[in-house]
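Architecture and fold: a report
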Number of protein chains: 2
Amino acid sequence: MQDLSEFDLIEKLFAPLATAPGAFGLKDDVAMVAPRAGHDLVVTTDTIVESVDFFASDPPDTIARKALRVNLSDLVAKGAEPAAHLLTLMLPERIDRAFLESFVRGLASDQQTFGVTLLGGDMSATPGPLAISVTAFGYAPVGQLVKRGGARVGDLVYVTGSIGDSGAGLSLLKSNAQNAPSRLIGRYRVPEPRVGFAPAVRRASASIDVSDGLLADLGHIANASGVRIVVEAQRIPRSPELVAVWGDSEEAIVRAATAGDDYEIAFTASAPILGSAGVPVTGIGRVEAGTGVVLLDSESCEIAVPRAGFRHF
Amino acid sequence: MQDLSEFDLIEKLFAPLATAPGAFGLKDDVAMVAPRAGHDLVVTTDTIVESVDFFASDPPDTIARKALRVNLSDLVAKGAEPAAHLLTLMLPERIDRAFLESFVRGLASDQQTFGVTLLGGDMSATPGPLAISVTAFGYAPVGQLVKRGGARVGDLVYVTGSIGDSGAGLSLLKSNAQNAPSRLIGRYRVPEPRVGFAPAVRRASASIDVSDGLLADLGHIANASGVRIVVEAQRIPRSPELVAVWGDSEEAIVRAATAGDDYEIAFTASAPILGSAGVPVTGIGRVEAGTGVVLLDSESCEIAVPRAGFRHF
């Protein structure tokens, strides 16, 4: 970090990303978050850490995009429209200007894609791994935020997109697989938050984004709602690329449903919610009385799941 | 971290700190930030990293309090009243439940002292040092936020409290000084954000909290305001404990004025702003036409300052 000072970095690289009046051009110590008439202000924060959530060898622009996207995914899963973010960088010595230029290019591209702007942040040196913490702001129409606790007996269970691709991408990266399908690795490195689907999510009874793993995250809904969620294994949507790598066995389905990092939206609804805005939706189960999550095979027998999803600890 | 899961930690230790309705008891993925009538919503974020901003051997409750307080200081220096925060923890393997219990006790005590509540956050395992990132929210009466850029020629320059104590505390900790004055070390470990002084700050023309170092932070005001700031070295307020350790030489004054981590408020004003709410205020200089910051001795000769303050890079 000898080739550019903290103040120069902010002025040259990051200030151009901060176009909202409340960001004060990143020239002050605080920012102002504008209210939006008829809307609640929604906030979330998520951190990604090198060697835990991404690889040191990942392209810097993909690291920036992942840090932002995992946060946007949280907003969208609640029916909120993303608007702005704060960015905190913990930078080890090896990070140079070229790295940060690529990082900022990725961030700028995603800010444009998703209509969000940089409000402020913090930069700190660290003797440890690279870590990026984002706090994201969004707006939801007043009273329409969708929480985990609204699932009711009789609701159906849905998920957007496909499950397991990111987990397979991670496995491929870990095993240094040659000629690995780049779409799977791409989904691990740069998840696709379902931003266009936010208005549809508002009709869900409960919703969550799939980060820990499909079954673990549905478990959070079941727990918060005081219900039991039954998932039919064969209906869990999996991509052709995933099936080509992991196969089509029951074990492969369990692996996909517990891998995590999908950033799809899992939700319950009392009336069907169809795919929209280019986002496919698949019905995968139902809400019953009881507790927990159950995975059923094609003969309606329960499949044992050793570990529902990712835990940091 | 084998003795408690992430979900248990949130429920047992952190949820009791989250009393605002918008925190949803830390049971969801997002939080809502309530608007306050007649006020702007102000946000800031600051991270502290082990071995950079605190010592691994510091008591856990002081680490929590420092992480929160450096953020509250940023709000107060702008005239905003702190209200809530998001807390992100990056936890190395060695952190155990006892550590986190002490951490939470410190945080709970400070939340009560300063009238702030926990809105949400994130926990992540890290192979690196302990790091704590806080995003703090506050409210300022509409249009009354005090920025860096408002200093005008003819304004006077003020600072709250005393300067250099924290820097001396850090030196003492680094040199393992026996019988060191605990007040100096205390100011390094647990800074005192001048929360009661926020209403007075709103009459300042420009303001900043002293984190990088008094001269460096006044330099930020000079730069943003397009003015020159002249500081009289002998008027910089220093505590008896500091003078006892560092002495009263010109060199000692320069050292205090560049040490940083004071979390006092340095500000400019066109009419005198007196101490209030138990916070002493000292006039230390004036605003002139020109650029930069100048430190003068008792004969009005410029004192050479090799390095105005702390930089991460």
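Just above sits the structure.
Residues numbered from 1 in each chain as written. Chains lettered and ligands numbered in written order. Predicted model: local features only at pLDDT ≥ 70, side-chain atom pairs only at ≥ 80, totals over all residues. Heavy atoms only, no water.

1. Here we look at the overall build of chain A
Formally: A run of H or I in DSSP counts as a helix once it spans at least four residues, and a run of E counts as a strand once it spans at least two, with each numbered from the N terminus. For a compact globule the rule gives 2.2 Å times the number of residues to the power 0.38, and the radius of gyration it is set against comes from C-alpha atoms. Categorising residues by exposure relies on relative accessible area from a 1.4 Å probe, with only protein chains included: less than 20% of the type maximum marks a residue as buried, more than 50% marks it as exposed, and the intermediate range marks it as partly exposed. When checking whether two residues touch, look at their non-hydrogen atoms; a contact exists if any pair is within 4.5 Å.
In terms of helices and strands, chain A carries 9 helices and 11 strands. Its C-alpha radius of gyration of 20 Å places chain A within 12% of the 20 Å reference for a compact globule of 313 residues. Here the C-alpha coordinates of chain A stretch approximately 65 × 50 × 35 Å along the principal axes. Within chain A, the proportion of its 313 residues that are buried is 60%. If you take every contact in chain A between residues at least 6 apart in sequence, the share linking residues at least 24 apart comes to 84%.

2. Some words on the pattern of salt bridges
Residue and element names in this part refer to chain A. The condition is simple: Definition used for salt bridges: Asp or Glu carboxyl oxygen within 4 Å of a side-chain nitrogen of Lys or Arg.
According to the stated counting rule, one finds 44 salt bridges over all chains in the structure shown. A salt bridge links D165 to R187, with the nearest nitrogen and oxygen atoms 2.9 Å apart. Taken together, the positions of D165 in helix 4 (residues 165–174) and R187 in helix 5 (residues 182–189) put the pair 22 residues apart, joining distant regions of the chain. Judged on exposure class, the residue D165 and its partner R187 are both buried. Put simply, D248 and R238 hold a salt bridge, and the shortest N to O gap is 2.8 Å. Remark: R238 occurs in the loop between strand 8 (228–232) and helix 8 (240–246) and D248 occurs in the loop between helix 8 and helix 9 (250–259); sequence separation between them is 10 residues. Taking relative accessible area as the criterion, R238 reaches 19% and is therefore assigned buried.

3. Digging into the sheet that holds strand 2 (residues 39–49) of chain A
In sheet architecture, strand pairing relies on hydrogen bonds along the backbone and comes in two forms, parallel and antiparallel. Stated precisely, the cut-off is as follows: DSSP bridges decide pairing: two strands pair if at least two such bridges lie between them. The axes are straight lines fitted to the C-alpha atoms, using for helices just the contacting stretch, and the angles between their N-to-C directions are given from 0 to 180°.
The 5 strands are arranged 4(A)-3(A)-5(A)-2(A)-1(B) in an open sheet whose pairing can be described as mixed. Each end of this open sheet is capped by a strand with a single partner; those strands are strand 4 (117–125) of chain A together with strand 1 (31–33) of chain B. Direction aside, the axes of adjacent strands within the sheet are offset by 25° on average. Alignment of strand 3 (residues 81–91) of chain A against strand 4 of chain A, held across 8 bridges, turns out to be parallel. Residue pairing for strand 4 of chain A: A84(A) is matched across the bridge by T117(A). Packed onto the sheet, helix 2 (residues 60–77) of chain A meets strand 2, strand 3 and strand 5 (131–141) of chain A and runs at close to 140° relative to strand 2 of chain A. Lying on the sheet, helix 3 (residues 97–114) of chain A is in contact with strand 3, strand 4 and strand 5 of chain A; it crosses strand 3 of chain A at an angle near 170°.

4. Things to note about the packing of helix 2 (residues 60–77) of chain B against helix 3 (residues 97–114) of chain B
Residue and element names in this part refer to chain B. Quick reminder of the rule: Angles are sorted into four bins: roughly parallel if under 35 degrees, roughly antiparallel if over 145, roughly perpendicular if 65 to 115, and oblique for all others. Crossings are sorted by hand: turned counterclockwise from the far helix by less than a right angle, the near helix makes the crossing left-handed, and turned clockwise it makes it right-handed.
Following both chains from N to C, one finds helix 2 and helix 3 inclined at 40°, their axes separated by 6 Å at the closest point. As far as their axial angle goes, helix 3 and helix 2 are oblique. In this structure, helix 2 meets helix 3 at a crossing whose hand is right-handed. Contacts between helix 2 and helix 3 involve P60, D61, I63, A64, R65, L68, R69 and L72 from the first element and F99, S102, F103, G106, L107, D110, Q111 and F114 from the second.

5. A look at the sheet that holds strand 8 (residues 228–232) of chain B
Residues and elements named next belong to chain B. Strand order in the open sheet formed by 6 strands is 7-9-6-10-8-11, and the pairing between neighbours is mixed. Across the chains shown, the open sheet's two edge strands, defined by having one partner strand only, are strand 7 (206–209) and strand 11 (292–296). The mean angle between the axes of side-by-side strands here comes to 25°, regardless of whether they run parallel or antiparallel. Pairing of strand 7 with strand 9 (residues 265–269), which is carried by 4 bridges, proceeds in the antiparallel orientation. Within strand 9, the residue paired with S207 across the bridge is F267. This element, helix 7 (residues 214–225), spans strand 6 (156–160), strand 7, strand 8, strand 9, strand 10 (281–288) and strand 11 of the sheet and lies at about 145° to strand 7.

6. Notes on the interface of chain B and chain A
For clarity, the threshold we go by: Buried area is understood as the total, over both parts, of accessible area removed when two parts are fitted together, assessed with a 1.4 Å probe. Between N or O atoms, a polar contact is any pair within 3.5 Å; within protein, one atom must be a potential hydrogen donor and the other a potential acceptor, and residues adjacent in sequence are included only when both atoms are from side chains. All residues other than Ala, Val, Leu, Ile, Met, Phe, Trp, Tyr, Cys, Pro, Asp, Glu, Lys and Arg, Gly among them, are scored as polar; the first ten of these are nonpolar and the last four charged.
Contact residues are listed per partner, giving 56 residues for chain B and 56 residues for chain A. For the chain B and chain A pair, buried surface summed over both sides reaches about 4700 Å², with 63% attributable to carbon and sulfur atoms. On inspection of chain B and its partner chain A, the count reaches 6 salt bridges. Scanning the region where chain B abuts chain A turns up 17 residue pairs in polar contact (both at pLDDT 80 or more). At the level of secondary structure, the elements contributing two or more residues to the side of chain B that touches chain A comprise helix 1 (6–14), strand 1, strand 2 (39–49), helix 2, strand 3 (81–91), strand 4 (117–125) and strand 5 (131–141) of chain B. Counting residues per element, the side of chain B that touches chain A draws most heavily on strand 2 of chain B, at 9 residues. Of the residues that constitute the side of chain B that touches chain A, the class distribution is 27 nonpolar, 14 polar and 15 charged. Bridge count for strand 1 (residues 31–33) of chain A against strand 2 of chain B is 3 bridges, and the pairing is antiparallel. From the neighbouring strand, V33(A) faces strand 2 of chain B, where its bridge partner is L41(B).

7. Thoughts on the nonpolar core
What counts, and what does not: Nonpolar core, defined: a set of buried Ala, Val, Leu, Ile, Met, Phe, Trp, Tyr and Cys residues in which side-chain atoms within 4.5 Å join the residues together.
By size, the foremost hydrophobic cluster in this structure holds 118 residues, and its most contacted members are F14(A), I132(A), F137(A), F14(B), I132(B) and F137(B). Counting residues per element, this core draws most heavily on helix 2 of chain B, which supplies 9 residues.

8. Observations regarding the pairing of strand 4 of chain A
The two faces of a sheet get side chains in turn, since along a regular strand they alternate between them. For clarity, the cut-off: For the handedness criterion, the strands are oriented away from the viewer, and a crossover whose path from the first strand over the helix to the second runs clockwise is classed as right-handed.
For strand 4 of chain A, the buried fraction is high: 8 of the 9 residues fall into the buried class. For the segment spanning strand 3 of chain A, helix 3 of chain A and strand 4 of chain A, crossover handedness is right-handed.

9. Considering the relation of the copies chain B and chain A
Just so we agree on the cut-off: Least-squares superposition of the copies uses the C-alpha atoms of those residues scoring a pLDDT of at least 70 in each of them.
In screw terms, the move from chain B to chain A is a rotation of 180° and a rise of 0.0 Å along the axis, fitting with an RMSD of 0.0 Å. Within this description, the copies of the chain are treated as partners about a two-fold rotation axis. Relative to the rotation axis, the C-alpha of G128(B) is the closest in chain B, positioned 2.1 Å from it. The overlap is high: 100% of the interface residues of chain B also sit at the interface in chain A, so the same surface is used on both sides.

10. Brief notes about the side chain of S102(B)
Secondary-structure assignment places S102(B) in helix 3. Setting aside residues up to four positions removed in sequence, S102(B) forms contacts with P60(B) and D61(B).

11. Notes on the packing of aromatic side chains
Note the cut-off: Aromatic pairing here means that ring centres of Phe, Tyr or Trp (its six-membered ring) are within 6.5 Å. Orientation follows from the plane angle: under 30 degrees is stacked, over 60 is edge-to-face, and everything else is tilted. For a lysine, the NZ atom is tested; for an arginine, the CZ atom; a charge sits over a ring if that atom is within 6 Å of the ring centre and within 35 degrees of the ring normal.
The tally for this structure, following the rule as stated, stands at 7 aromatic pairs over all chains. Summarising the aromatic geometry, the rings of F197(B) and F267(B) are spaced 6.0 Å apart at their centres and angled 45° between planes, so their arrangement reads as tilted. Of the two residues, F197(B) sits in the loop between helix 5 (182–189) and helix 6 (198–201) while F267(B) sits in strand 9, which places them 70 residues apart along the sequence. When its relative accessible area of 0% is taken as the criterion, F197(B) is described as buried. If you follow K66(A) out to its NZ or CZ, it ends over the ring of Y188(A), 3.8 Å from the centre.

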